[in-house]
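Below are the chains, spelled out letter by letter.
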Amino acid sequence: RIVEAGLVQVPEGRRVFPNLTVRDNLELGSYRRGKPARAQNLERVLTTFPRLRERLRQAAGTLSGGEQQMLAIGRGLMAEPRLLILDEPSLGLSPLLVDEMFELIGRLNAGGLAILLVEQNVIQSLTIAHRAYVLENGRIALQGPAAELAEHPDLRRSYLGH
């Protein structure tokens with residue numbers, strides 16, 4: 001029911017189905033939601049992630065970490081989310097792929113998709129976020145507009161050392 005309502009999560013650690021093909025993984029994303037527009041959504045995902053188009057018949061477990069992250073996000077997009085929750089999407093990626101991932105998240109959001117980003121990469125997250133909540137030991141330590149939090153002295157001291 002949660003997915004049917006439009007709340008879709010891309011979990012930490014990607015969690016693709018390694019023995020299924022890229023196409024099968026993507027199509028599973030539209031199992032509960034997005035099935036009527038599966039072909040159009042697949043084309044949209046493959047346009048967003050051209051590398052996946054080249055690997056549609058490949059087993060998902062043989063993809064690189066960055067490609068698996070693209071697949072996990074693509075699978076989430078197949079469900080036509082109203083709110084996409086991304087849990088640590090930059091985890092384990094090279095610095096270049098981290099930059100690409102944040103650029104993609106910014107583009108998806110600019111295109112009208114609501115995104116809840118759970119991410120330890122605070123500095124880059126604040127550059128694309130509208131609003132932010134900083135958690136410490138399970139409690140909200142800071143909250144507010146992302147641009148204001150980026151300049152907050154407590155945040156700068158905790159994450160930048162000054």
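Up top is the structure these notes are about.
If you're wondering where the values come from, they're calculated on a predicted model, not measured in any experiment. (Residues numbered from 1 in each chain as written. Predicted model: local features only at pLDDT ≥ 70, side-chain atom pairs only at ≥ 80, totals over all residues. Heavy atoms only, no water.)

Draft legend 1. A look at the pattern of salt bridges. In total, this model carries six salt bridges according to the counting rule given. Among the salt bridges present, the one from Arg53 reaches Glu43, with a minimum N-O distance of 2.7 Å. With a gap of 10 residues between them, Arg53 in helix α3 (residues 50-53) and Glu43 in helix α2 (residues 38-48) connect regions that are remote in the sequence. Notably, a salt bridge pairs Arg55 with Glu67, separated by 3.0 Å at the nearest N-O pair. (Salt bridge = Lys/Arg side-chain N within 4 Å of Asp/Glu carboxyl O. Helix = DSSP H or I, 4+ residues; strand = E, 2+ residues; numbered from the N terminus.)

Draft legend 2. Region of the structure containing the side chain of Asn41. As for its position among the elements, Asn41 is in helix α2. A distance of 2.9 Å separates a polar atom in the side chain of Asn41 from a polar atom in the side chain of Glu80. Excluding residues within four positions of it along the chain, Asn41 makes contact with Gly34, Met78 and Glu80. (Polar contact = N/O pair within 3.5 Å; in protein donor to acceptor, adjacent residues only side chain to side chain. Contact = heavy atoms within 4.5 Å.)

Draft legend 3. Local environment of the sheet that holds strand β3 (residues 114-118). In space, the three strands of this open sheet follow the order β1-β2-β3, with parallel pairing throughout. The open sheet terminates on both sides in strands that have one partner only, identified here as β1 (7-10) and β3. In this sheet, adjacent strand axes meet at a mean angle of 20 degrees when their direction is disregarded. For β1 and strand β2 (residues 83-87), the ladder comprises four bridges, and the chain directions are parallel. (Pairing = 2+ DSSP bridges. Axes fitted to C-alpha atoms, helices over the stretch in contact; angles between N-to-C directions.)

Draft legend 4. Representation of unusual backbone geometry. Even without being a glycine, Glu80 presents a positive backbone phi close to 50 degrees. Residue placement: Glu80 occurs in the loop between α4 (65-77) and β2. The phi dihedral of Glu88 is positive, around 50 degrees, even though this residue is not glycine. Inspection of the secondary structure puts Glu88 in the loop between β2 and α5 (95-110).

Draft legend 5. Broad picture of a nonpolar patch on the surface. Where nonpolar side chains cluster on the molecular surface, the patch consists of Phe17, Leu20, Leu28 and Tyr31 and spans about 380 Å² of accessible area. With respect to the helices and strands, the residue Phe17 is situated in the loop between β1 and α1 (22-28). Residue class for Phe17 comes out partly exposed when judged on its relative accessible area of 41%. (Patch = residues over 30% accessible without salt bridge, like charges linked within 9 Å, V, L, I, M, F, W, Y side chains within 5 Å. Areas by Shrake-Rupley, 256 points an atom, 1.4 Å probe, with all protein chains shown as cover. Buried < 20%, exposed > 50% of the residue type's maximum accessible area, 1.4 Å probe, protein only.)

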